[in-house]
Amino acid sequence: MWLVDSMYVESLNINNYRNYDELFIMFDKNTNILYGDNAQGKTNILESIYMAATTKSHRGSKDREIIKIGEEESHIRLCIKKSDISHRIDMHLRKSKNKGVAIDGLPIRRTTELFGLLNVIFFSPEDLSIIKNGPSERRRFMDMELSQLDKIYLSNLVNYNKVLNQRNKLLKDIAFSPSEQLMQTLDIWDMQLVKYGSLIIKGRKSFIEKINTIISDIHSRLTGGIENIKVCYVPDVDVNDFEEEVRNSRQKDIKYKVTGKGPHKDDLIFLINDNDVRKYGSQGQQRTAALSLKLSEIELVKLVIKDTPVLLLDDVLSELDSNRQNFLINSIGDIQTIVTCTGLEEFINNRMNINKIFKVTDGHVVNEN
C-alpha cells in the first residue's frame, strides 16, 4: 500500500489547560515517551492533542472542566504536518461560551469542519474494557472513527442527534399537554429521525464490514492461530423496518418521554470461535479482542486515507503481558506514537526504538534527550 510521508504532530502549545499554566513541546515524528508518576499531567497532554483533532475530550469532559482552576479560558495550539504541508490548529476554550477553532489562522464556523485534518487514535486502559462495558462505549468507538474518516457520516450523526434531542423534548411536551398540533409536529420529527438514522445504520454496517476484513488476521497472529474473531454489528432496528418501528413505539415513547428505537441503541458483539466473548470469554480474551480492534482501527485508517494516523497510547503497555506488548510495539513502527508511562522498563525490555523522552513532573515537562 502506498503511503505519503506520514502525518504527524510537530508541536503542542497549551495555556491554562488542566494542571498546566503553559507548555510548549516539540515532538519527534516517530516515537515519543512521556514518563513520570501518576497524576502529574501526562494524560492531559494526550487529551489536548485529541481535543485539537476531534473537538472532544476522550474522557467526555466538558470544556469548563478542562480549563485550569481559577482561569476563565484555555488555549491549545497544535502544529501538524500532513502530506508534507504544515497546518496549525488553534482552539480557544471558554467557560461561558462555545469553543472557538481556527485552522491555519482562519476561524471555522462549525467545529465539525476540523474532523479529518488530523487522524488520531487514542488507546487507554479503559479501551481494554470496551468489550465488557456498556454499548454506549462501543457506539462511541464507531462514531469517533467514522467521524474522522467520513465527513458525510459526521454530518448525518450531528443531524440525527439534533433530531433525537428535539423529538425527546417534544415527547415530554406531548406527555404533559397533548394536542393535535404537537402530534403533527411529531410526524415531521419521525421522518427526520428515520432519514438520518437510516444513513447512520448503513455507515456503521459498512464500517464493521471493513473492520472484519482486517481484524481476523491480526487476532489470529495475536493468539498463535488458535482463535478466530468476528465483530457483529447489531442495529437496534433494521433500515427497512425503521419507519414502522418508530410508528409502533410512539405511544410507548410518549409514556416514557424518550425515543426508544434507533441507532442510539445499537451495539456490537464480538465472537471468538463463535462464542460471545463478552458473556463467555476470559478477561485475557476480552483484552486481546480489544487490542485487535484498536490495531484494526489503525490499519483501516491507513487504508482509507492513504496515510498513517497519530497514535496516542495512555499507559497501555503496563496493562498488557509481554507477548501483547511485543505485538503492539511491532505493529506501530511506521506511525508517530506518543506514549505515557510511569517508567521506561517496558520499552527497555522490549527494545523499543525511542526517539524522544520527556519527564513529566507536576505540570512541568523536561526533554531528556
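Whatever comes next refers back to the structure up there.
Quick notes on the rules
Residues numbered from 1 in each chain as written. Predicted model: local features only at pLDDT ≥ 70, side-chain atom pairs only at ≥ 80, totals over all residues. Heavy atoms only, no water. Helix = DSSP H or I, 4+ residues; strand = E, 2+ residues; numbered from the N terminus. Polar contact = N/O pair within 3.5 Å; in protein donor to acceptor, adjacent residues only side chain to side chain. Contact = heavy atoms within 4.5 Å. Salt bridge = Lys/Arg side-chain N within 4 Å of Asp/Glu carboxyl O. Buried < 20%, exposed > 50% of the residue type's maximum accessible area, 1.4 Å probe, protein only. Pairing = 2+ DSSP bridges. Axes fitted to C-alpha atoms, helices over the stretch in contact; angles between N-to-C directions.

### Regarding the side chain of Thr-259
Here is step 1: Turning to its location among the elements, Thr-259 is positioned in the loop between helix H7 (250-256) and strand S10 (267-272).
Here is step 2: At 2.7 Å, the side chain of Thr-259 forms a polar contact with the side chain of Asn-168.
Here is step 3: For Thr-259, the contacting residues outside a window of four places in its chain are Leu-164, Arg-167, Asn-168, Leu-171, Leu-193, Asp-253, His-264 and Lys-265.

### Some thoughts on the pattern of salt bridges
Here is step 1: On inspection of all chains with the given rule, the structure shows 23 salt bridges.
Here is step 2: Close ionic contact of Lys-99 with Asp-63 constitutes a salt bridge, the shortest N to O distance being 3.2 Å. Of the two residues, Lys-99 sits in the loop between strand S5 (85-94) and strand S6 (100-103) while Asp-63 sits in helix H2 (residues 63-66), which places them 36 residues apart along the sequence. One exposure class covers both Lys-99 and Asp-63, and it is buried.
Here is step 3: A cluster of three or more residues bridged by salt bridges with shared partners is formed by Arg-167, Asp-187, Asp-190, Arg-250 and Asp-253.

### Focus: unusual backbone geometry
Here is step 1: Positive phi, normally seen in glycine, also occurs at Ala-39, with a value near 65°.
Here is step 2: Mapped onto the elements of the fold, Ala-39 is located in the loop between strand S3 (31-35) and helix H1 (42-54).
Here is step 3: Backbone geometry places Lys-306, a non-glycine residue, at a positive phi of 55°.
Here is step 4: Along the chain, the position of Lys-306 falls in the loop between helix H9 (283-305) and strand S12 (310-314).

### Focus: the sheet that holds strand S11 (residues 275-276)
Here is step 1: The strand order across the open sheet formed by three strands is S9-S10-S11, and the pairing between neighbours is antiparallel. In the strand order of this sheet, the two ends are held by strand S9 (229-234) and S11, each with one partner.
Here is step 2: Looking at chain direction, S9 and S10 are connected through six bridges and run antiparallel. For Val-231, the partnering residue across the bridge sits in S10 and is Phe-270.
Here is step 3: Sitting on the sheet, helix H3 (residues 135-149) is in contact with S9 and S10, with an inclination near 95° to S10.
Here is step 4: Strands in contact with helix H5 (residues 180-222) are S9 and S10; relative to S9, the strand with the most contacts, it is inclined by about 170°.

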